[in-house]
Each structure stands twice: as C-alpha cells, then as structure tokens.
Amino acid sequence: MLSIEDRLAIQQLHARYCACLDTGDVKGWARCFTRDGEFGVRTMHKGRDRLEAHGAVVMSRRQNNSWTNVQHWNGNIIVEGDASGASAMSYLAMVGRVKDSDALTIVAQGWYNDTLEKEDGEWKFSTRRISFDTPRPDSIPQQS
Amino acid sequence: MLSIEDRIAIQQLYARYCVCMDTGDMKGWAHCFTVDGEFATYTVHKGRDNIEAYGADVMARRQTNPWTNGQHWNNNLIVEGDGGKAQAMCYLMVIGKMKDSGEMKIVIQGWYGDELAKEDGQWKFKARRVAFATPAPDFIPKKA
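The structure presented is a predicted model; accordingly, all values stated were derived computationally and were not measured.

A. The arrangement of the overall build of chain A in detail. Counting its regular elements, chain A contains three helices and six strands. Secondary structure elements in chain A, listed N-terminal to C-terminal, are α-α-β-β-α-β-β-β-β. Taken over the C-alpha trace, chain A has a radius of gyration of 15 Å; the compact-globule value for 144 residues is 15 Å, and the two agree within 12%. Projected onto the principal axes, the alpha-carbon positions of chain A cover approximately 50 × 30 × 25 Å. Burial statistics for chain A: of 144 residues in total, 49% are counted as buried. At a minimum sequence separation of 6, the contacts of chain A that also span at least 24 residues come to 53%. As displayed, chain A has an accessible area near 7,400 Å², and 49% of this comes from carbon and sulfur atoms.

Listed below in structure tokens is the structure:
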C-alpha cells in the first residue's frame, strides 16, 4: 500500500514536472525521471541524458509555437501501487497566451500514463507516455 | 520536514485564499496573510490592514471587468520547508463569464511565488508575489 507520504510526494512530483518543463529547467525536468527513465509520445526517449537532450530540443522548438507562456495543468491524478512501485494516470490541459491576439486559451489536451519508482528515496517517473486522444478504459490503473 | 498535517493545511490555505477572493470575503482573504504579510502584484501591499484595504479596491474595480463570476484556479502546488516556514509556488488561472457573450474564458494566467509561516498555529502567507509571464527556473522552490 502507498503511504500518505508517498502519495503527497507523487503529487508534488507531478507539479515539479510541470513547473520545470514550463520554466525551461531542462535539468530539473530530466531529474523527474529515474536514471533509466523513459518518456515519449510515439518515439520513446530512454535514459536521463537522452531525456535531457530531448527536453532541450522541445524547449528550443517552443519559440515556433503561435503561443507563449505555456502552462501544463494536471488533474485527476490516479495512483495505485505500493512502496516498490506505482502506476498512475492524469489529465493534461496546456494553457498558453496566443501571440497575435494575447488571448489565453487551451492549446493542447492530453492523458499521461505513468509508472513510478522510488530511486534513492525519491519518487520518480520510470516511464511516462502521453496520448492526445481519449485512451481506452484499461489505461486507468487498477485498484490495488 | 513538513508533516502531512502541514501539507494538507497549506493546500487548504490555497483553496481558502481563492474562495475568499472570488466570493468577495476580503477580511477572510486578508486573514490568509500573516499580520506583517506582504502581497506583491502590480503594486506591493504590506501588513494585513493594508492588504485588506487593497482587497476592497480590487472588489470595487471588479465591476469594470468585462467578465463576471471570476474563479481563481490553482494547480501544481510545490511546497518545501520545515515545521514553521516554507517556500511554495503554484499556477493560477482565472476563469470568468464574459459579460457581452456569456462565454467562459480564461481571463488571467499567473504564477504565485510564496513564503509561508505558521502564526498562532495556522499556516499563512508571509509574502506572496504574482508573476504574469513565465518566471525563471529559480522561481521553483529547492528541494528541502
């Protein structure tokens, strides 16, 4: 069973992930993953060094977007597991300020599916997959 | 280290702050700050009495906004600290109903950077600043 401390630490990991990604802290973002952690949409990037390189590319491409001030908003975080590992899912709504109109709007929506592990006493993502369309019901972590 | 009770109390403070602000309970809102608390937005206000007076100004000006039914939404709360003091950040969006079209829109986006302190056994904001554009990575509280 996950302790309350585990659950709070995992919630905070989700928040830190977004804050690092949005402020451009690519090192901090890569450290949200285990050393052999994996992240991807279609192509998976594995290992913290490769994640950091991938993150730097994502952040540099951001200038081409038609919006700025990106904010990753998370909701409906479901976590199931025990001290040895956990599965999670959460929603993503990406908010941004459109460059030409200054309007604030939702620029992307997504669903995260994660596995988590404790590494050196800290909860990290060991895999994180994102999909941009409604996933199947079996992507919801089973109640443990 | 922050206890579970501290973390839950701080989460609740964030919620109460938004609800007081949005329902127009400016006394309740000012009481989310310590007696010597500081609120820095477009302008800086120090001391609970000054904060309450500023809150009354905000309320009066609210009628001139092109939206009504303002809702402050928070996300990605990161808190680091110990028994009596903490640093925190979170995301902000304000959702409102446009007076002319009745449409729901995101009308404000922001980032709160906070210092918290326990006063008379209750967690309060000792200093709260709002940024309206993406802050630098050092805005994120360092891991305790």
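Still to come is the rest of the account.
B. Representation of helix H3 (residues 48-61) of chain A. All names here are of chain A. The end-to-end C-alpha distance of H3, which contains 14 residues, comes to 20 Å, matching closely the 20 Å that a straight helix rising 1.5 Å per residue would cover. Every buried residue of H3 is accounted for by Arg48, Leu51, His54, Gly55 and Met59. Buried residues of H3, seen end-on, are gathered within an arc of 135° and therefore sit on one face of the element. Away from its buried face by more than 90 degrees, H3 exposes Asp49 and Arg50. On the buried face of H3, the contacting elements are helix H1 (4-23), helix H2 (26-30), strand S1 (33-40), strand S2 (44-46), strand S5 (104-119) and strand S6 (122-131).

C. Quick look at the side chain of Arg48 of chain A. All names here are of chain A. Relative to the elements of secondary structure, Arg48 occurs in helix H3. A distance of 3.0 Å separates the side chain of Arg48 from the backbone oxygen of Phe33, its partner in a polar contact. At 3.0 Å, the side chain of Arg48 and the side chain of Glu119 are in polar contact. The residues touching Arg48, leaving out its near neighbours within four places in the chain, are Ala30, Arg31, Phe33, Thr34, Arg35, Glu119 and Lys124.

D. Expanded view of the pattern of salt bridges. Residue and element names in this part refer to chain A. Across all of its chains, the model carries 15 salt bridges over all chains by this definition. Asp138 is paired through a salt bridge with Arg136; the nearest N and O atoms lie 3.1 Å apart. Across this residue pair, the class does not change: Asp138 and Arg136 are exposed. Three or more residues are tied together by salt bridges with common partners; here these are Arg35, Arg48, Glu119 and Asp120.

E. Spatial organisation of the layout of surface pockets. The volume enclosed by the largest pocket comes to roughly 700 Å³. What lines the largest pocket is a set of 25 residues, among which Asn74 of chain A together with Asn74, Asn75, Asn76 and Leu77 of chain B lie closest to the centre. Where the lining of the largest pocket is concerned, the elements lending two or more residues are H1, strand S3 (67-82) and strand S4 (85-98) of chain A together with helix H1 (4-23) and strand S3 (67-81) of chain B. Looking at which element gives the most residues to the lining of the largest pocket, the answer is S3 of chain B, with six residues. Along the lines of polarity and charge, the residues of the lining of the largest pocket split into 14 nonpolar, 10 polar and one charged.

F. Spotlight on the environment of Gln63 of chain A. Residue and element names in this part refer to chain A. Here Gln63 shows up in the loop between H3 and S3. Assessed through its relative accessible area of 63%, Gln63 is described here as exposed. Residues Gln63 and Asp82 lie 19 residues apart in sequence; the distance between their C-alpha atoms is 40 Å.

G. Here's a closer look at the interface of chain B and chain A. Listed as interface residues are 31 residues of chain B and, on the opposing side, 29 residues of chain A. At the boundary of chain B with chain A, total buried surface from both sides reaches about 2,400 Å², with 58% on carbon and sulfur atoms. For the pair chain B and chain A, the interface holds two salt bridges. Note that Lys143 of chain B and Glu122 of chain A form a salt bridge whose closest N and O atoms lie 2.9 Å from each other. Between the two partners, chain B and chain A, sit 14 residue pairs in polar contact (both at pLDDT 80 or more). Broken down by secondary-structure element, the contributors of at least two residues to the side of chain B that touches chain A are H1, S3, strand S4 (85-98) and strand S5 (104-119) of chain B. Ranked by residue count, the leading element in the side of chain B that touches chain A is S3 of chain B, at eight residues. Each residue belonging to the side of chain B that touches chain A can be placed in one class, and the counts come to 20 nonpolar, seven polar and four charged.

H. Structural view of the pairing of S5 of chain A. All names here are of chain A. The pairing of S4 with S5 spans 12 bridges and is classified as antiparallel. Bridged to Ala93 within S5 is Gln109. Here S4 hands over to S5 after five residues, with Asp102 in that stretch at a positive phi of 70°. Summarising the sheet, S5 and S6 pair through nine bridges and their orientation is antiparallel. Of the residues in S6, the one forming a bridge with Thr115 is Thr127.

Rules used in this analysis
- Residues numbered from 1 in each chain as written.
- Chains lettered and ligands numbered in written order.
- Predicted model: local features only at pLDDT ≥ 70, side-chain atom pairs only at ≥ 80, totals over all residues.
- Heavy atoms only, no water.
- Helix = DSSP H or I, 4+ residues; strand = E, 2+ residues; numbered from the N terminus.
- Rg over C-alpha atoms; globule rule 2.2 N^0.38 Å.
- Buried < 20%, exposed > 50% of the residue type's maximum accessible area, 1.4 Å probe, protein only.
- Contact = heavy atoms within 4.5 Å.
- Areas by Shrake-Rupley, 256 points an atom, 1.4 Å probe, with all protein chains shown as cover.
- Expected span 1.5 Å × (residues − 1).
- Arc of directions from axis to C-beta.
- Polar contact = N/O pair within 3.5 Å; in protein donor to acceptor, adjacent residues only side chain to side chain.
- Salt bridge = Lys/Arg side-chain N within 4 Å of Asp/Glu carboxyl O.
- 1 Å grid on protein atoms, 1.4 Å probe; cavity = no way out; pocket = protein on both sides within 12 Å on 5 of 7 lines; lining within 4 Å.
- Points joined across faces, edges and corners; volume = space filled by probe spheres on them.
- Nonpolar A, V, L, I, M, F, W, Y, C, P; charged D, E, K, R; others polar.
- Buried area = accessible area lost by both parts, 1.4 Å probe.
- Pairing = 2+ DSSP bridges.

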